[in-house]
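Residue-level listing of the chains:
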Amino acid sequence: MRMFDGVSYVQRVRWRIRGLWLVVLGMLIYMVVVGETGGGDSRTMTQLAQTVSRLIFFGGLIYILVQIHRYKKLLSSPALLRGQRMLEQDERRMWLHDKSGGIVVDLLLVVLLFSTLTAALYHQVLFFFSLFLLLLTVILKGAVWLVCDRMG
């Protein structure tokens, strides 16, 4: 039995919005902790590490805020909500997501983003290794998705 089986789609969207606001709060706390512990010192970071850390953190923050706005817009329009629900229930998209790693690879990507960001701020050798793993995971997921998309 799935966790949200008895919950309406509107409630699911509201829970997503709440969860995303918690992620924003966590990101802000993370930024304060990094600043207080001396991470992100530009004298010890390479230009690549500075660029990647900013892209991951601020790009992620912008992405989350855009998602919150999108979900709120969905709640205000029944037609948009219905269309998004149909899109999420599309069996082909669900099949492609599962075949390309599903939720496990999605969670792995989040962990790799977090570890790459943290390593960029504190340790350059670990940053390059983490960045390599992140890029490899993205490439593998994308390649499997494309192969399954052409097969199906």
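Before any of the text, the structure's been laid out above.
The present account deals with the structure reproduced in this document.

Conventions we followed
- By convention here, each chain's residues receive numbers from 1 onward along its written sequence.
- Predicted model: local features are reported for residues with pLDDT of at least 70 only, side-chain atom pairs are reported and counted for 80 or more only, and whole-chain, interface and lining totals are derived from all residues.
- The basis for every side-chain value is the complete set of heavy atoms in the structure, and neither hydrogens nor water enter the calculation.
- Only DSSP runs of H or I covering at least 4 residues are called helices, and only runs of E covering at least 2 are called strands; the numbering of each starts at the N terminus.
- Categorising residues by exposure relies on relative accessible area from a 1.4 Å probe, with only protein chains included: less than 20% of the type maximum marks a residue as buried, more than 50% marks it as exposed, and the intermediate range marks it as partly exposed.
- Per-residue accessibility takes into account occlusion by the displayed protein chains alone, with areas from the Shrake-Rupley method and a 1.4 Å probe.
- Lys and Arg are tallied as positive, Asp and Glu as negative. Neither His nor the chain termini are counted.
- Where a charge sits is defined by one atom per residue type, namely NZ (Lys), CZ (Arg), CG (Asp) or CD (Glu).
- Expected helix span is given by 1.5 Å per residue-to-residue step, counting one fewer step than there are residues.
- Residues count as neighbours in contact if any of their non-hydrogen atoms are within 4.5 Å of one another.
- Here, axes are lines fitted to C-alpha atoms. For helices the fit covers the stretch in contact, and angles between N-to-C directions go from 0 to 180 degrees.
- Angular relationships are summarised with four words: roughly parallel below 35 degrees, roughly antiparallel beyond 145, roughly perpendicular across 65 to 115, and oblique for the angles in between.
- Should the near helix be turned anticlockwise from the far one by less than a right angle, the crossing is left-handed, and should it be turned clockwise, the crossing is right-handed.
- Gly is put with the polar residues, along with every residue not named as nonpolar or charged; the nonpolar set is Ala, Val, Leu, Ile, Met, Phe, Trp, Tyr, Cys and Pro, and the charged set is Asp, Glu, Lys and Arg.
- The term salt bridge refers to a side-chain nitrogen of Lys or Arg lying within 4 Å of a carboxyl oxygen of Asp or Glu.
- Put simply, two rings from Phe, Tyr or Trp (the six-membered ring, in Trp's case) pair if the centres are within 6.5 Å, and we call them stacked under 30 degrees between planes, edge-to-face over 60, tilted for the rest.
- A ring is scored as having a charge over it whenever the NZ atom of a lysine or the CZ atom of an arginine sits within 6 Å of its centre and within 35 degrees of its normal.

### Some points on the overall build of the chain
Item 1. The secondary structure content of the chain amounts to 6 helices and 0 strands.
Item 2. Counting only C-alpha atoms and orienting by the principal axes, one finds that the chain spans roughly 50 × 40 × 25 Å.
Item 3. When the 152 residues of the chain are sorted by exposure, 29% land in the buried category.
Item 4. Working note: accessible area of the chain is about 10600 Å², and carbon and sulfur atoms make up 70% of it.
Item 5. Positive and negative side-chain charges in the chain, numbering 17 and 9 respectively, have mean positions lying 6 Å apart.

### Description of helix α6 (residues 124-151)
Item 1. For α6, spanning 28 residues, the distance from its first C-alpha to its last is 40 Å, which sits close to the expected 40 Å at 1.5 Å a residue.
Item 2. Residues of α6 that are buried: Gln124, Phe127, Ser130, Leu131, Leu134, Thr137, Lys141 and Cys148.
Item 3. Those residues of α6 that are buried lie in contact with α2 (47-76), α4 (91-99) and α5 (102-122).

### Focus: the packing of α5 against α6
When two helices pack together, their arrangement is given by the angle between their axes and by how far apart the axes lie.
Item 1. For the pair α5 and α6, the least separation of the axes is 8 Å and the interaxial angle reads 155°. One element, α5, and the other, α6, form an angle in the roughly antiparallel class. Crossing of α5 against α6: the hand is left-handed. In contact with Gly102, Val105, Asp106, Leu108, Leu109, Leu112, Leu113, Ser115, Thr116, Ala119, Ala120 and Tyr122 of α5, α6 contributes Gln124, Leu126, Phe127, Ser130, Leu131, Leu133, Leu134, Thr137, Val138 and Lys141.
Item 2. For the contact of α5 with α6, the class distribution of residues is 14 nonpolar, 6 polar and 2 charged.

### Points about the packing of α2 against α6
Item 1. One can describe the packing of α2 onto α6 by two numbers: an axis separation of 11 Å at closest approach and a directional angle of 55°. With respect to α6, the element α2 is oriented oblique. The handedness of the crossing between α2 and α6 is left-handed. Together, Leu48, Ala49 and Val52 of α2 and Gln124, Phe127, Phe128 and Leu131 of α6 make up the contact between the two elements.
Item 2. Looking at the contact of α2 with α6 residue by residue, the class counts come to 6 nonpolar, 1 polar and no charged.

### A few points about the pattern of salt bridges
Item 1. Here the structure, examined in full by the defined rule, presents 4 salt bridges.
Item 2. Among the ionic pairs, glutamate 88 bridges to arginine 16, the shortest N-O distance being 2.8 Å. Of this pair, glutamate 88 sits in helix α3 (residues 78-88) while arginine 16 sits in helix α1 (residues 9-36), and the two are 72 residues apart along the sequence.
Item 3. With a relative accessible area of 27%, glutamate 88 lands in the partly exposed category.
Item 4. Where arginine 43 meets aspartate 41, a salt bridge forms, and the shortest distance between an N and an O atom there is 2.9 Å.

### Thoughts on the packing of aromatic side chains
Item 1. Here the structure, examined in full by the defined rule, presents 3 aromatic pairs.
Item 2. An angle of 85° between the planes, with centres 5.1 Å apart, marks the rings of phenylalanine 57 and phenylalanine 58 as edge-to-face.
Item 3. Residue phenylalanine 58 is classed as partly exposed on the basis of its relative accessible area, which comes to 43%.
Item 4. One Lys or Arg, arginine 18, reaches over the ring of tryptophan 15 and ends 4.8 Å from the middle of that ring.

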